[in-house]
Amino acid sequence: MSITKQDYEPMAVAVADKGVPMVEVSAPSDLPGGYVFDAVANGQTISVTVPAGGVSRGQTFRAPFEPGGGGVSASAVPEGRWKDGLCDCCMFGCCHPALWMGICCRLALLGQVQNRLRLNWLGERAHLGDQSPFKVLLGISIFAMVWSVLFSSL
């Protein structure tokens with residue numbers, strides 16, 4: 001059975017094993033040992049822990065299959081409310097990187113969000129091989145800053 005990756009989703013395929021049902025999981029990226037991420041197996045989302053030693057992108061490994069394991073998803077998102085409050089960007093003091101990214105490099109922060117939402121730099125669905133929106137928008141930000149410094153005195 002072949003394992004495919006669609007829309008950057010880690011896929012899992014059920015594999016029979018002695019006693020414990022196992023799934024074969026394709027790693028979505030290079031991950032360290034112990035990292036927990038969500039994978040889809042038989043239409044169900046399950047939490048998978050990366051084995052000791054870590055894995056490389058596309059590498060397959062076996063993990064126990066526990067449908068409806070009862071635990072909280074690794075990427076649990078609250079419903080009906082925001083995860084953070086309005087002023088939580090100041091929770092770690094005035095030197096928090098996200099606060100300064102929002103103040104100084106808005107486009108780079110937008111690129112980070114677009115990357116996490118799997119969008120390209122134009123806000124469209126990203127495809128494998130697309131340039132990272134963070135890199136593109138950071139480059140545009142740096143270019144704009146340099147341009148304004150060079151030509152501000154004219």
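Residues numbered from 1 in each chain as written. Predicted model: local features only at pLDDT ≥ 70, side-chain atom pairs only at ≥ 80, totals over all residues. Heavy atoms only, no water.

## Considerations on the packing of aromatic side chains
The condition is simple: Aromatic pairing here means that ring centres of Phe, Tyr or Trp (its six-membered ring) are within 6.5 Å. Orientation follows from the plane angle: under 30 degrees is stacked, over 60 is edge-to-face, and everything else is tilted. Put simply, DSSP marks the helices as runs of H or I at least four residues long and the strands as runs of E at least two long, and each gets a number from the N terminus on. Three labels apply to residues, based on accessible area from a 1.4 Å probe with only protein chains included: buried if under 20% of the type maximum, exposed if over 50%, partly exposed otherwise in between.
A complete count under the given rule lists three aromatic pairs for this structure. Summarising the aromatic geometry, the rings of Phe37 and Phe61 are spaced 6.5 Å apart at their centres and angled 75° between planes, so their arrangement reads as edge-to-face. Taken together, the positions of Phe37 in strand β3 (residues 36–41) and Phe61 in strand β5 (residues 60–64) put the pair 24 residues apart, joining distant regions of the chain. With a relative accessible area of 7%, Phe61 lands in the buried category. Considering the side-chain rings of Phe143 and Trp147, the 5.7 Å spacing of their centres and the 35° angle between planes classify their relative orientation as tilted.

## As for helix α3 (residues 133–151)
What counts is decided by this rule: In this analysis, the expected span of each helix is defined as 1.5 Å times one less than the number of residues it contains. Throughout, the arc means that of the directions going from the helix axis to the C-beta atoms. Note on definitions: a residue-residue contact is assigned when non-hydrogen atoms from the two residues lie within 4.5 Å.
An ideal rise of 1.5 Å per residue puts 27 Å on 19 residues; α3 measures up with 27 Å between its terminal C-alpha atoms. Of the positions making up α3, those classed as buried are Pro133, Leu137 and Ser141. Buried residues along α3 cover an arc of 65° about the axis, so they all sit on one side. Pointing more than 90 degrees away from the buried face of α3 are the exposed residues Lys135, Phe143, Val149 and Leu150. Packed against the buried residues of α3 are α2 (106–116).

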